[in-house]
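Summary of the model geometry
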Amino acid sequence: MDVSAVARNLSTLGSAKWDLHIRARALARAGHPIIELTIGEPDEPMAPVLVPTMSRALDAGRVGYSNGRGEAALLEALADRYTARRGRTFSTQNFLAFPGTQTALYALMRGLVNPGDEVVVFDPCYATYEGLVVSAGARLVTAPLRPDAGFSIDFEALNAVITPQTRAILLNNPHNPAGSLLDEDACQRLGELALRRGLWLICDEVYEDLIYDNRPLVSPLNNPALDSHVVSCASISKSHAAPGLRSGWVVGSEDVIDRLVPFAETMLFGNQPFIADATAAALRDAGETAARMRVSLRRRAQMVTAALDRVSGLRVAEPRAGMFALVGVGETALGLDGRGFATRLLEHAGVAVMPGTSFGRVTRDWLRLSLTVPDEVLQTACNRIADFCA
Ligand SMILES: Cc1ncc(COP(=O)(O)O)c(C=O)c1O
């Protein structure tokens, strides 16, 4: 018996993106001194509030079935947090709990998009987006971001790919891998486009707490006039350095959330009450884990710029948020594209980075460096990259 067409399509997507990372891990296991700047996991310990709250919840037997929407305390904490941050009022009815942003995005794709629809994804994009669109049986359409303008949206190119079949735009803001932020003008134009063409804006805002200067996030969700066109999702994976707890949510209009509840019930039959309790407490803490990460990530981003931007042929797109920095390598004397550069860099200098091709075509001549290693390790990696270019 064969698996489904979706499973077959997914099986050819993932592996090639991660091959250098997998190779680096194998070399490290074999004893080679590899510096790994491939994937980004928070290097802060998880937020201190989480373990004691979970432990108390477990002692209290909080392991029964939950409900389809989410535990009351979690929904209340979310409503308070978004009301405080987004310049408008949210109620518990605007939220739906999911185990992480990734499942939330999966549910949104399946819940809002029909097979055969087109979904616009920006290029470059987070590595799982292609799979999300494919898993909904939809067609992935890409719109390039502009590397020469801070990886901002190219509206001419975006408008050119919208067709009557377009159902949704998948928007990652703050952006991985570029570390860029949506500005007011772009946000307004996206909103107008969604209204005019009847589109969903599906916003992945998982890096909201890692904007280095801590400015409020500019988001289509902040505009109530867009309510029937916007859904957003996030989690405590980055903000509280707890990706393994798998605790996230969707936020949207009461109507769309109501209509997605049966979908979440079908997928999950509820989330885990003890994790919901810890997440509610985390959402009400002082945010010190994210504050520390904002400082260290910004410092490391500046370190990468200082070390590599002066190397002939390299250019750094210094991020404003998130855990990664993009480095352009297309102009070096080595004559290598991003993938060739990353492969040779691993083999000759023992530094593992993600080739830009893992995120799209626009970043063919770029590398993505993770900023989640200690400063001295990152500095050594940058020195090795500079030496490699020389
Ligand atoms: C852009 C983006 N979205 C979603 C995720 C997954 O987040 P979560 O752990 O909340 O599922 C990541 C993780 O790296 C990410 O970079």
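Being a predicted model, the structure only gives us computed values, none of them experimental. (Residues numbered from 1 in each chain as written. Predicted model: local features only at pLDDT ≥ 70, side-chain atom pairs only at ≥ 80, totals over all residues.)

**Some points on the overall build of the protein**
Counting its secondary structure elements, the protein contains 14 helices and 13 strands. A compact globule built from 390 residues should have a C-alpha radius of gyration of about 21 Å, and the protein, at 21 Å, falls within 12% of that. By its C-alpha atoms, the protein is 60 × 55 × 50 Å across when sized along the principal axes. Buried positions account for 47% of the 390 residues belonging to the protein. (Helix = DSSP H or I, 4+ residues; strand = E, 2+ residues; numbered from the N terminus. Rg over C-alpha atoms; globule rule 2.2 N^0.38 Å. Buried ≥ 20, exposed ≤ 12 C-beta atoms within 10 Å, placed from the backbone.)

**Quick word on the nonpolar core**
By size, the foremost hydrophobic cluster in this structure holds 120 residues, and its most contacted members are Leu 108, Ile 202, Trp 249, Val 250 and Val 327. Residue contributions to this core peak at eight residues, all from helix α11 (residues 273-283). Taken together, domain 1 (5-45 + 288-389) and domain 2 (50-283) each give at least three residues to this core, which thus spans both. In this structure, Val 327 is in contact with Leu 308, Leu 314, Val 316, Trp 366, Leu 367 and Leu 369, ignoring residues within four places of it in sequence. (Core = buried A, V, L, I, M, F, W, Y, C linked by C-beta atoms within 7 Å. Domains from an automatic or database assignment. Contact = placed C-beta atoms within 7 Å.)

**With respect to the site of the ligand**
Around the ligand, the neighbouring residues are Gly 100, Thr 101, Gln 102, Tyr 126, Asn 172, Asn 176, Asp 204, Val 206, Ser 235, Ser 237, Pro 243 and Gly 248. Here the shell around the ligand is composed, by residue class, of three nonpolar, eight polar and one charged. (Near = placed C-beta within 6 Å. Nonpolar A, V, L, I, M, F, W, Y, C, P; charged D, E, K, R; others polar.)

**A word on the environment of Asp 43**
Mapped onto the elements, Asp 43 comes out in the loop between β1 (35-37) and α4 (50-59). Between the C-alpha atoms of Asp 43 and Pro 374, which are 331 residues apart in sequence, the distance is 8.1 Å. Among all residues touching Asp 43, those that are not within four sequence positions of it are Thr 372 and Val 373.

**Describing the domain arrangement of the protein**
Taken domain by domain, the protein consists of domain 1 (5-45 + 288-389) and domain 2 (50-283). Put simply, the middle of domain 1 and the middle of domain 2, counted by C-alpha atoms, are 26 Å apart. If you look at the interface, domain 1 gives 33 residues, while domain 2 gives 33 residues. Contributing elements (two or more residues each) for the side of domain 1 that touches domain 2: α1 (5-11), α2 (14-17), α12 (288-308) and β11 (324-328). A total of six residues in the side of domain 1 that touches domain 2 trace back to one element, the largest contributor, which is α12. Grouping the amino acids of the side of domain 1 that touches domain 2 by side-chain chemistry returns 17 nonpolar, eight polar and eight charged.

**As for the sheet that holds strand β10 (residues 315-317)**
Note: strands within a sheet are paired through backbone hydrogen bonds, in either parallel or antiparallel orientation. Spatially, five strands are ordered β1-β12-β13-β11-β10 in an open sheet, and the strand pairing comes out mixed. The sheet is open, and its two edges are formed by β1 and β10, each paired on a single side. Across this sheet, the average inter-strand angle for adjacent strands is 35°, counted without regard to direction. Here β10 runs beside β11; their pairing, made up of three bridges, is antiparallel. Residue Ala 317 lies in a different strand from β11, and its bridge partner there is Leu 326. The strands that helix α3 (residues 19-29) touches are β1 and β12 (351-355); relative to β12, the one it contacts most, it runs at about 165°. With respect to the sheet, helix α14 (residues 375-389) is in contact with β1 and β12, its orientation differing from that of β1 by roughly 95°. (Pairing = 2+ DSSP bridges. Axes fitted to C-alpha atoms, helices over the stretch in contact; angles between N-to-C directions.)

**Notes on the pairing of strand β13 (residues 366-370)**
Within β13, five of the five residues are buried, leaving the element largely enclosed by the surrounding structure. Because side chains alternate across β13, one face comprises the buried residues Trp 366, Arg 368 and Ser 370, and the other comprises Leu 367 and Leu 369, equally buried. Across five bridges, the pairing between β11 and β13 is antiparallel. Residue pairing for β13: Val 327 is matched across the bridge by Leu 367. Examined bridge by bridge, β12 and β13 share two bridges and lie antiparallel to one another. Bridging across to β13, Met 354 finds its partner in Arg 368.

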